[in-house]
Amino acid sequence: MGAIGIFLAAAVGTLVIGMVASWVDRKVTARVQYRVGPPLFQPVYDIAKLLGKETLLPERAKGRGFLLAPVVGFAAAGVGAAIVWHANIRPAEGFVGDLIVLLYVLTIPAIAVIYGALASGSPHATFGASREMKLLMSYELPLVMAVLVPVVQVVKGGGGATFSIGQLVTFQQTSGWALFSLSGVIATAVALLCIQAKLTLVPFDLPEAETELMGGTHLEYSGPPLAMIKLTRFLLLAVSPVFLATLFVGGLGDAASGWSWLALAGKFVVFLVLVVLIRNTNPRLQVRKAVRFFWFGMAPLAAGALVLAWLGY
Amino acid sequence: MGLGIWGLKRSPWVYHVNVGACNNCDIEVLELLTPRYDVERLGMVLVGSPRHADALLVTGCCTRQAAPRLMEVYTQTPKPCIVFCIGSCACTGGIFRHCYHFARPVDEVIREIDPDAIIAYVPGCPPKPEAMIAGAAAALSTL
Ligand code: SF4
């Protein structure tokens, strides 16, 4: 199977998982509020409808960048999905630095969102873009430090210095999950909160802020480009829990056995439900507080976890 | 029936436009989102921008100030879209039809810029949420 085949299989498969995940998100939210919630195929209906609608171009928008941004974001999320799945299913075949590539690739959707919002020429969207930028700058540092914790654990465990996700997974299969240590617990918690911000879910939904910015960054999108943005969301919602599961709780393991797939599904559901519950039990933070939370709360914690991992805890 | 219409029937996102309501109709519209009626089970979501909307819920008697703005909101909504006139005021002008500030009924304002607009009427002062859901179901079934 060529690179294109892997990309397509990963993107389509992840998309299906992401649609189910987004349904779970909406359903759990509805249940928390004593509502019934949408039917299982709601994400499919939404996308089908959006694809059939007209695309409106705001008068002041820079048309090409405005329309291209969602596509770029979607493609980047698809590539991220392909890297994560490939590293899980064939851990031996990954290349040396795929963890670094993955971190970069998962940043591109946020940058595409910022670009599209700025190109739309709407003041609300510009506000959203500036918030997204601040959020990106604040969560990226603790996320990278938290992700380094399993890498340091491998170094201390005698696995050699590596940035290959496949090797991290193989190491965890033999010497236990990264989560099973003090540094691992802290890093997982920090990474989970950073992922929450990456998905721009409450309490870090500042760039969209339905009630004040009315959709913020994607305010001006309609029809197929909006569908593209929704699809990117589905992809990220599916990739992020798998990403966490891969780095901290051992990922897939043996790709040939059904049990390890079932275990991965279990890990996925646990992380997804955690994300949804955090989203449902917290109010939105102010920009100032969100930045402070990540820089002065999460970043020192992650740095501490790194030191602890280096000391062998 | 195209794929888009098939999806539209199952996921109409609504945008709420107040063009001069006494606020009672608006309260009844928000009632739709509460656990008792929960229109999300029918795929309806209240969205914050007309560009995301498939249906405009227009409430109130259309004032002279609001009429051009209503037209603007309608042109900003991607087609196909449905306009719901919620309440007697939006349908005809209601008890305010002889007032100095009253422009025209909502349907006439919309027809002025788009003669082929799909318009649904839900009379009542204010209409019950059940009536709005019935109106939405009736309008969507004609698409
Ligand atoms: S129809 Fe009745 S309740 Fe609705 S806006 Fe008019 S006066 Fe108010």
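Only a predicted model underlies this, so the values are computations on that prediction, with no experimental measurement involved.

Novice: Explain empty space enclosed by the protein to me, and be specific about the residues and the numbers.
Specialist: Under the criterion given, the structure shown has 3 cavities of 30 Å³ or more. Considering only enclosed or pocket space, the largest cavity measures out at about 280 Å³ in volume. Forming the boundary of the largest cavity are 21 residues, of which Pro109(A), Val113(A), Ile229(A), Thr232(A) and Arg233(A) lie nearest the centre. Sorting the residues of the lining of the largest cavity by element identifies α3 (63-89), α4 (98-119) and α9 (224-248) of chain A as the ones contributing at least two each. The leading source of residues in the lining of the largest cavity is α4(A), at 6 residues. Among the residues forming the lining of the largest cavity, the class breakdown is 11 nonpolar, 6 polar and 4 charged. Space inside the second largest cavity adds up to approximately 180 Å³. Secondary-structure elements contributing two or more residues to the lining of the second largest cavity are β2 (45-46), β3 (55-59), β4 (82-86) and α6 (129-141) of chain B. Its residues assigned to classes, the lining of the second largest cavity comprises 19 nonpolar, no polar and no charged.

Novice: Give me the lowdown on the site of the ligand, citing residues and values where you can.
Specialist: Residue and element names in this part refer to chain B. Taken together, Ala21, Cys22, Asn24, Cys25, Gly87, Ser88, Cys89, Phe96, Gly124, Cys125 and Pro126 make up the full set of residues adjacent to the ligand. Among the secondary structure elements, those contributing two or more residues to the shell around the ligand are α2 (24-31) and α4 (88-92). Residues that form the shell around the ligand fall into these classes: 7 nonpolar, 4 polar and no charged.

Novice: Help me get a handle on the layout of surface pockets, residues and values and all.
Specialist: In this structure, the second largest pocket spans a volume of roughly 300 Å³. Lining of the second largest pocket is provided by 14 residues; of these, Leu219(A), Glu220(A), Ser49(B), Pro50(B) and Gln76(B) occupy positions nearest its centre. Across the lining of the second largest pocket, the residue classes break down as 6 nonpolar, 5 polar and 3 charged.

Novice: Before we move on, can you summarise the interface of chain A and chain B with the specific residues and values?
Specialist: Each partner contributes to the interface: chain A provides 28 residues, whereas chain B provides 28 residues. Taking both partners together, chain A and chain B bury about 2300 Å²; carbon and sulfur atoms supply 57% of that area. The tally of links from chain A across to chain B stands at 6 salt bridges. The residue Glu40(B) makes a salt bridge to Arg35(A) at a minimum N-O spacing of 2.7 Å. Secondary-structure elements contributing two or more residues to the side of chain A that touches chain B are α2 (42-51) and α9 of chain A. Of the residues belonging to the side of chain A that touches chain B, the class tally is 13 nonpolar, 6 polar and 9 charged.

Novice: Report on the sheet that holds strand β1 (residues 13-18) of chain B, specifying residues and quantitative values.
Specialist: Residue and element names in this part refer to chain B. The sheet built from 5 strands is open, its strands ordered β2-β1-β3-β4-β5 with parallel pairing. Both outer strands of the open sheet, β2 and β5 (118-122), are each paired with one neighbouring strand and no more. As paired elements, β1 and β2 share 2 bridges and run parallel to each other. Bridge pairing links Val14 to Leu46 in β2. Taken strand by strand, helix α5 (residues 106-113) contacts β3, β4 and β5, and its axis lies near 175° from that of β5.

Novice: Can you explain helix α1 (residues 3-32) of chain A? Please cite residues and give values.
Specialist: In a regular helix each residue adds 1.5 Å, so 30 residues correspond to 44 Å; α1(A) covers 42 Å between its end C-alpha atoms and thus fits that length. Buried residues in α1(A) make contact with α2, α3, α9 and α10 (258-280) of chain A together with β2 of chain B. Following α1(A) by one or two positions, Tyr34(A) adopts a phi angle in the positive range, close to 60°.

Novice: I'd like a rundown of the packing of aromatic side chains, residues and numbers included.
Specialist: Residue and element names in this part refer to chain A. Throughout the structure, instances matching the rule amount to 5 aromatic pairs over all chains. Measuring from ring centre to ring centre gives 4.3 Å for Phe66 and Tyr221, while their planes differ by 5°; the resulting arrangement is stacked. A residue pair is termed long-range when its members are at least 10 positions apart, and Phe66 in helix α3 and Tyr221 in the loop between α8 (210-213) and α9 qualify at 155 residues. Judged by its relative accessible area of 1%, Phe66 is buried.

Novice: How would you summarise the confidence of the model for chain B if you had to cite specific residues and measurements?
Specialist: For chain B, the average pLDDT comes to 88, and 99% of its residues sit at 70 or higher. What the predictor reports for the complex is a pTM of 0.89 with an ipTM of 0.87.

About the thresholds
Residues numbered from 1 in each chain as written. Chains lettered and ligands numbered in written order. Predicted model: local features only at pLDDT ≥ 70, side-chain atom pairs only at ≥ 80, totals over all residues. Heavy atoms only, no water. 1 Å grid on protein atoms, 1.4 Å probe; cavity = no way out; pocket = protein on both sides within 12 Å on 5 of 7 lines; lining within 4 Å. Points joined across faces, edges and corners; volume = space filled by probe spheres on them. Helix = DSSP H or I, 4+ residues; strand = E, 2+ residues; numbered from the N terminus. Nonpolar A, V, L, I, M, F, W, Y, C, P; charged D, E, K, R; others polar. Near = heavy atom within 4 Å. Contact = heavy atoms within 4.5 Å. Buried area = accessible area lost by both parts, 1.4 Å probe. Salt bridge = Lys/Arg side-chain N within 4 Å of Asp/Glu carboxyl O. Pairing = 2+ DSSP bridges. Axes fitted to C-alpha atoms, helices over the stretch in contact; angles between N-to-C directions. Expected span 1.5 Å × (residues − 1). Phe/Tyr/Trp six-rings, centres within 6.5 Å; stacked < 30°, edge-to-face > 60°. Buried < 20%, exposed > 50% of the residue type's maximum accessible area, 1.4 Å probe, protein only. pLDDT = per-residue confidence, 0-100.

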